[in-house]
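# Coordinate analysis (summary)
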Amino acid sequence: MLSHLNNLNNEQKEAALSRGLVCCIAGAGTGKTTTLVSAILDREKQDRCNPDNILVVTFTRKASKEMKDRLLALGGPSSIPRYIGSFHSISLSLMMRFPGLTNGIDKVDVIDEREREKLIKEAIIANVLPDLTLDNKQIKTLTAAFGDCVSEFKSRLITPEDIMNNPALIESVVQSKEYEEEIEEAVFECLQKHYSTYLSICHHDMKVMDFDDLIMLPVLAMRGNPALHRSVSGLFRYVLADEYQDSNFAQKAWLEMMASSSGELFVVGDDGQSIYGWRGAKVEFIRSIYDDPRSSKILLVDNHRCSKNIADLGNDVISLDTSTIPKKLRACGKTRDEPTLVRIDEYSSEKEECKHIAKKISDLINSGVPPENIAVLSRTNRYVTMIDKALVNHGVASCADTVGFYDLKEIRYLIAYLRMVVNPDEGRINLVAPDIFGTPLVATGIGKRTIENLENISMGTRSDDMPMVGMVAIMRDMILSDPESKESIKLKLFVDTIDECVDKTRAIIASSGTVKDIIEFIARRSGLLDSLQTKQLALFEDIQKIKDQMARAGSREEMAELIAEKTRKEDACDEVSNRIQNINEFICSDTNEYETIQDLLNAVTIDRPDVVNDNNENVGVRVMTMHGAKGLEWEYVFIVGGSDKMMGSAELRDGDVCMNSKQEEACRVAYVAVTRAKRVLNISYSAFVYGKEQTGLSLFFRLGRNLDIRKHDNFGMKAHFQTKANNGEFDEFDQTPRFNQKAVRRYFNG
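Residues numbered from 1 in each chain as written. Predicted model: local features only at pLDDT ≥ 70, side-chain atom pairs only at ≥ 80, totals over all residues. Heavy atoms only, no water.

## Digging into the packing of helix 1 (residues 10–17) against helix 2 (residues 32–45)
Two numbers describe how helix 1 lies on helix 2: the axes approach to 8 Å, and their chain directions differ by 40°. Between helix 1 and helix 2, the interaxial angle falls into the category oblique. Helix-helix and strand crossings are classified by hand; for helix 1 and helix 2 the assignment is right-handed. Note on element contacts: helix 2 touches helix 1 through Thr35, Ser38, Ala39, Asp42 and Arg43, opposite Gln12, Ala15, Ala16 and Leu17. Residues that form the contact of helix 1 with helix 2 fall into these classes: 4 nonpolar, 3 polar and 2 charged. (Axes fitted to C-alpha atoms, helices over the stretch in contact; angles between N-to-C directions. Helix = DSSP H or I, 4+ residues; strand = E, 2+ residues; numbered from the N terminus. Parallel < 35°, antiparallel > 145°, perpendicular 65-115°, else oblique. Left-handed = near helix turned anticlockwise from the far one by under 90°. Contact = heavy atoms within 4.5 Å. Nonpolar A, V, L, I, M, F, W, Y, C, P; charged D, E, K, R; others polar.)

As structure tokens, this is what we get:
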């Protein structure tokens, strides 16, 4: 037997050996990645297919990295396909190879979500505000709603011409979002008047693409140019797609076009884990391939992750969604005989819940369980923040998935400077201005009012015939018109720095220097590193002075004040040191694998890590949303906020067999959360959350078997909350009342 088929069960082997249209439904923990890697290797070895002629699509950078690592281990470096990665990163690579895929746009420059939001707010929303009566919160909501609807248009491949021919398309998209009435009317008007304007500003004026363009534009280009379509799809003998249940319409069309020449399409996924409907994913796509009479159908159900009790609960949860393809997980891994029942805990309030769960986790760690083997999962980011704080209060190291590495101020500053160096005089620069002028990290001397004025002038230069002029070019004009003014002097210092960085970048490239060399120079010349190191040195000196004062302190009160001040300075020093470390990490990351700065900038926009510690597994207890946990696993999992209302099952009753699409997806989210646990699963919920009464444990969990249910009333607190709720004394931000702390400590310790 071929080595890449060793250790596969019969179903996995059948999937790896199948050809043509293949649909592999892989239940949670059933070896989906192993099967996909084996399928790739089988095509390379058995069919003697060149890896460069295999297309492998995943949804995350982490998933593609894991696949590459496994291919490297089993088949060596030569077995790794050239085109393996996320939809967007592969599409970007193909655009660079086939310029026609940009559908007429001059170059490939991808904006991130913040830049897109700024563009929408200033170029679109600002034009309709005079006709609307909206407060700041509603304006923010309208900006996000316009962006969401534009993404929905693009995921459905809807163009301005389509809307012109069928205006009802706007209504169908807007109504599907369920906005409040005033926002719905405003976003409808914005889309009707300005969808084409948004595309024109992106593609014509700023010469940029947003994230959704990376799929939509190639599909439209190939539809309109059959020869281009044949050239691109002709590259690939085999097309394989991971997590196919998360595909939207545009991604499905893109994949089918890539596989059209060969007719070889292998999709793997699980309709029971389709949880991204809110961003356009259609679970029907994987089900339609499974139902296609031409497809080879394989079910993977041998679960190598969970204990039997956890796998059984997973089966009980997903059985409530009667629309899923029938399958039952069979626990067959090392933990299958783990006797621990699934523990269910009820608490009075979310604060008591988080405090108690943090205590349990602290006890686990003290008993010898490594923190990285533990995770806490929630449906909402608010719970993530609360549990993270509770863990900190118990001295537990944790990593809450709330801040992305490329969203850190110092990294955004450096990326913005790099963008200015690449395109110093174009309108695209306006989108990164806040990351340079709106941060306190480096003092430029250029005020907010000046920047707003420059942006307004820049926006006024756009026309149908000419793209807008960027703010740096306008700075040059202002300097020439009045070189002696204070404003011009400040602007000249900044423009001279940009010009020096541009010249130095060209010199580095001419002397065969690397992208890393360019970043190192700009981090220093922009003033970023110097500014932070100066602050760090000043804080070191302040701390030393405080230590000297502490040695001479004459009273307890004075000593207490000095200790508090020393702590504040040390915290500030740690923050600055972390920023410097993050900059060095960015410089020393895999920057040299990119040929140009533009390649690097596109990559950090498309394949950015989800969190700061994305590449480091040993960062402590993971605290994250259930959506963020998909594809991951831990020995110990705590699900918090497991009530009906929090889990999206409040309107269901025991015995309900008919759910709407949102309830079905909520059920699948619960299934994903349960099946992250290998050995021990603890589900908790609260009688009151944010001061509002809940309806008990979620239906998704309470119908399960082998549950160890415990209720913690915490000395009548539930009755206390009930009284307050009945009297209407709670609001969303009410705080848990004080109560007998000694009694609680006895309770926790008892």
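Past the structure itself, the notes keep going.
## Remarks on the nonpolar core
Leu94, Phe146 and Trp254 are the most contacted members of the largest nonpolar core, which has 81 residues in total. Top element by residues in this core is helix 9 (residues 181–205). It accounts for 10 residues. When sequence neighbours within four positions are dropped, the list of residues in contact with tryptophan 254 reads Leu55, Val57, Phe87, Ile90, Ser91, Leu94, Ile215, Pro218 and Val219. Counting residues in each nonpolar core, the second largest holds 55 residues, with Ala416, Val432, Ile436 and Leu454 among its members. (Core = buried A, V, L, I, M, F, W, Y, C linked by side-chain atoms within 4.5 Å. Buried < 20%, exposed > 50% of the residue type's maximum accessible area, 1.4 Å probe, protein only.)

## Overview of the environment of arginine 223
Residue position: arginine 223 is located in helix 10 (residues 213–224). In this structure, the C-alpha to C-alpha distance between arginine 223 and cysteine 332, residues 109 residues apart in sequence, is 47 Å. Not counting residues up to four positions away in its chain, the partners in contact with arginine 223 are Leu157, Phe249 and Met257.

## A closer look at helix 8 (residues 168–177)
Looking only at helix 8, the buried set comprises Ile170, Val173 and Val174. All buried residues of helix 8 project into a common sector of 95° when viewed along the axis, lining one side. Packing partners of the buried residues in helix 8 comprise helix 6 (136–155), helix 7 (160–165) and helix 9. Trailing helix 8 by a residue or two, glutamate 178 shows a phi angle of about 60°, which is positive. (Arc of directions from axis to C-beta.)

## Structural notes on the sheet that holds strand 2 (residues 54–58)
Reading across the sheet, the 6 strands line up as 3-2-4-5-1-6 and stay open at both edges, with parallel pairing between neighbours. In this open sheet, the two edge strands, each paired with only one partner strand, are strand 3 (83–86) and strand 6 (296–300). Taking each pair of neighbouring strands and ignoring which way they run, the sheet shows an average axis angle of 10°. Of the pairings in the sheet, the one linking strand 2 to strand 3 comprises 4 bridges and is parallel in character. Bridge pairing in strand 3 places valine 57 opposite glycine 85. Its contacts with the sheet put helix 1 on strand 1 (21–26), strand 5 (265–269) and strand 6, and the angle it makes with strand 6 is roughly 150°. (Pairing = 2+ DSSP bridges.)

## Examining the side chain of lysine 32
With respect to the element layout, lysine 32 can be found in helix 2. Since its relative accessible area comes to 17%, lysine 32 is described here as buried. Looking at lysine 32, its side chain comes within polar contact range of the side chain of aspartate 242, at 2.9 Å. Ignoring anything within four residues of it in the chain, the contact list for lysine 32 reads Ala26, Asp242, Glu243, Val268 and Gly269. (Polar contact = N/O pair within 3.5 Å; in protein donor to acceptor, adjacent residues only side chain to side chain.)

## What to know about helix 6
With 20 residues, helix 6 should cover 28 Å at 1.5 Å per step; its first-to-last C-alpha distance of 29 Å lies within 8% of that length. Most of helix 6 is tucked away, with 14 of its 20 residues classed as buried. Regarding helix 6, its N-cap is aspartate 135, as a side-chain oxygen of that residue lies 3.2 Å from the backbone nitrogen of lysine 137 further along. Directly beyond the C-terminal end of helix 6, a positive phi value near 60° is found at leucine 157. (Expected span 1.5 Å × (residues − 1).)

## Concerning the packing of helix 5 (residues 113–128) against helix 6
The relative placement of two packed helices comes down to the angle between their axes together with the axis-to-axis distance. Running from amino to carboxyl end, helix 5 crosses helix 6 at an angle of 105°, the nearest separation of the two axes being 10 Å. Relative to helix 6, the element helix 5 is oriented roughly perpendicular. In this structure, helix 5 uses Arg116, Glu117, Ile120, Lys121, Ile124 and Ile125 to contact helix 6, whose residues at the interface are Ile139, Leu142, Thr143, Phe146, Gly147, Val150 and Ser151. Here the residues of the contact of helix 5 with helix 6 sort into 7 nonpolar, 3 polar and 3 charged.

## Structural notes on the packing of aromatic side chains
Aromatic rings in a pair are described by how distant their centres are and how their planes are angled relative to each other. Applying the stated criterion across every chain yields a total of 9 aromatic pairs. Here phenylalanine 59 and phenylalanine 87 contribute two aromatic rings whose centre-to-centre distance is 5.2 Å and whose plane-to-plane angle is 65°, an arrangement assigned as edge-to-face. Of the two residues, phenylalanine 59 is situated in the loop between strand 2 and helix 3 (61–75) and phenylalanine 87 in helix 4 (residues 87–97); the sequence distance between them amounts to 28 residues. Looking at phenylalanine 87, the relative accessible area reads 1%, which means it is buried. (Phe/Tyr/Trp six-rings, centres within 6.5 Å; stacked < 30°, edge-to-face > 60°.)

## A look at unusual backbone geometry
When glycine is set aside, most residues are seen to have a negative phi, and most peptide bonds are trans. Its identity is not glycine, yet asparagine 7 carries a phi of approximately 70°, on the positive side. When you line up the elements, asparagine 7 lands in the segment before helix 1. Residue asparagine 7 is classed as exposed on the basis of its relative accessible area, which comes to 81%. If you check the backbone angles, arginine 48 has positive phi at about 50° while not being a glycine. Within the secondary structure, arginine 48 sits in the loop between helix 2 and strand 2. A relative accessible area of 72% places arginine 48 in the exposed class.

## Looking at a negative patch on the surface
On the surface, Asp135, Glu180, Glu181, Glu182 and Glu185 cluster together into a patch of negative charge. Mapped onto the elements, glutamate 185 comes out in helix 9. (Patch = residues over 30% accessible without salt bridge, like charges linked within 9 Å, V, L, I, M, F, W, Y side chains within 5 Å. Areas by Shrake-Rupley, 256 points an atom, 1.4 Å probe, with all protein chains shown as cover. Salt bridge = Lys/Arg side-chain N within 4 Å of Asp/Glu carboxyl O. Lys, Arg positive; Asp, Glu negative; His and termini not counted. Charge placed at Lys NZ, Arg CZ, Asp CG, Glu CD.)

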